[in-house]
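Fold and contact review
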Amino acid sequence: NVGNVAELLDYDERFLAAPKDAGKLAESVLFTYRHPDEIRTVMAKNRERVQQFYNKFDLHEKYAALYRELSGGQAGARPPAEKPKDGPWPA
């Protein structure tokens, strides 16, 4: 059990082993080997959860909104870009 792995696995004891519990770790590995259909279901569910909560683009926007809120709208504010004097300017 490392980091938020237990949370991602809904604290399902079939997949979790305490530190230095080699017997439980072996039991969990054997369970995954013996139940491939159930593991595919768990993997699909967790993939959806990760995409929903850990999408880097959504996270970036959520953090930016939080910073703007906490700073009174000033966090991340940049002055408008000025048009270069020479060279093409994209439309």
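Before reading further, recall that the structure is shown in the block above.
My aim in this report is to walk through the structure given alongside it, one point at a time.

Reading the values: rules and limits
- Note that residues are indexed from 1 along each chain, following the sequence as it is written.
- Only residues with pLDDT of at least 70 get local features here, since the model is predicted, and only at 80 or more are side-chain atom pairs given and counted; chain-wide, interface and lining totals rely on the full set of residues.
- Just so you know, side-chain values use all the structure's heavy atoms and leave hydrogens and water out.
- Helix and strand definitions follow DSSP, with helices as H or I runs of at least four residues and strands as E runs of at least two, each counted in order from the N terminus.
- Buried, partly exposed and exposed residues are distinguished by accessible area as a fraction of the type maximum, computed with a 1.4 Å probe on protein chains only: under 20%, between the cut-offs, and over 50%, respectively.
- In what follows, residue pairs with any heavy atoms lying within 4.5 Å of each other are defined as contacts.
- Each accessible area is a Shrake-Rupley result for a 1.4 Å probe, and residues are judged covered by the shown protein chains and nothing else.
- The definition of a nonpolar core used throughout is a set of buried Ala, Val, Leu, Ile, Met, Phe, Trp, Tyr and Cys residues joined through side-chain atoms within 4.5 Å.
- We define a salt bridge as a contact between a side-chain nitrogen of Lys or Arg and a carboxyl oxygen of Asp or Glu at a distance within 4 Å.
- Only centres within 6.5 Å qualify two rings of Phe, Tyr or Trp (six-membered ring in Trp) as a pair; their planes then separate them into stacked at under 30 degrees, edge-to-face at over 60, and tilted for everything else.

A closer look at the overall build of the chain
A tally of regular secondary structure across the chain gives four helices and zero strands. Mapped in sequence order, the helices and strands of the chain form the string α-α-α-α. By residue count, 13% of the 91 residues in the chain fall in the buried class. Considering only contacts in the chain between residues 6 or more positions apart, those separated by 24 or more positions represent 30%. When the accessible surface of the chain is summed, it comes to about 8,000 Å², and 58% of that surface belongs to carbon and sulfur atoms.

Some points on the nonpolar core
Counting six residues, the largest nonpolar core is built from Ala-6, Leu-9, Phe-15, Leu-16, Phe-31 and Ile-39. Ignoring any residue separated from it by four or fewer positions in sequence, one finds Phe-31 in contact with Arg-14, Phe-15, Glu-38 and Ile-39.

Looking at the pattern of salt bridges
Enumeration according to the criterion identifies seven salt bridges in this entry. Across the pair Glu-27 and Lys-24 runs a salt bridge, and its minimum N-O distance is 3.7 Å. Residue Glu-27 and its partner Lys-24 are both found in helix H2 (residues 22-34); the two are separated by three residues, about one turn of the helix. By relative accessible area, Lys-24 is classed as buried at 17%. Each member of the salt-bridge network shares a partner with another, and the members are Asp-10, Lys-45 and Arg-49.

Description of the packing of aromatic side chains
Here the structure, examined in full by the defined rule, presents two aromatic pairs. Both rings, one in Phe-15 and one in Phe-31, keep their centres 5.6 Å apart while their planes meet at 75°; by these two values the pair is edge-to-face. In this pair, Phe-15 sits in the loop between helix H1 (5-8) and H2 while Phe-31 sits in helix H2, placing the two residues 16 residues apart along the sequence. What makes Phe-15 buried here is its relative accessible area of 17%. Centroid distance Tyr-63 to Tyr-67: 6.3 Å. Interplanar angle 25°. Geometry classified as stacked. Placement of both Tyr-63 and Tyr-67 in helix H4 (residues 56-70) is noted, with a separation of four residues, approximately one turn of the helix. Judged by relative accessible area, which is 48%, Tyr-63 ranks as partly exposed.

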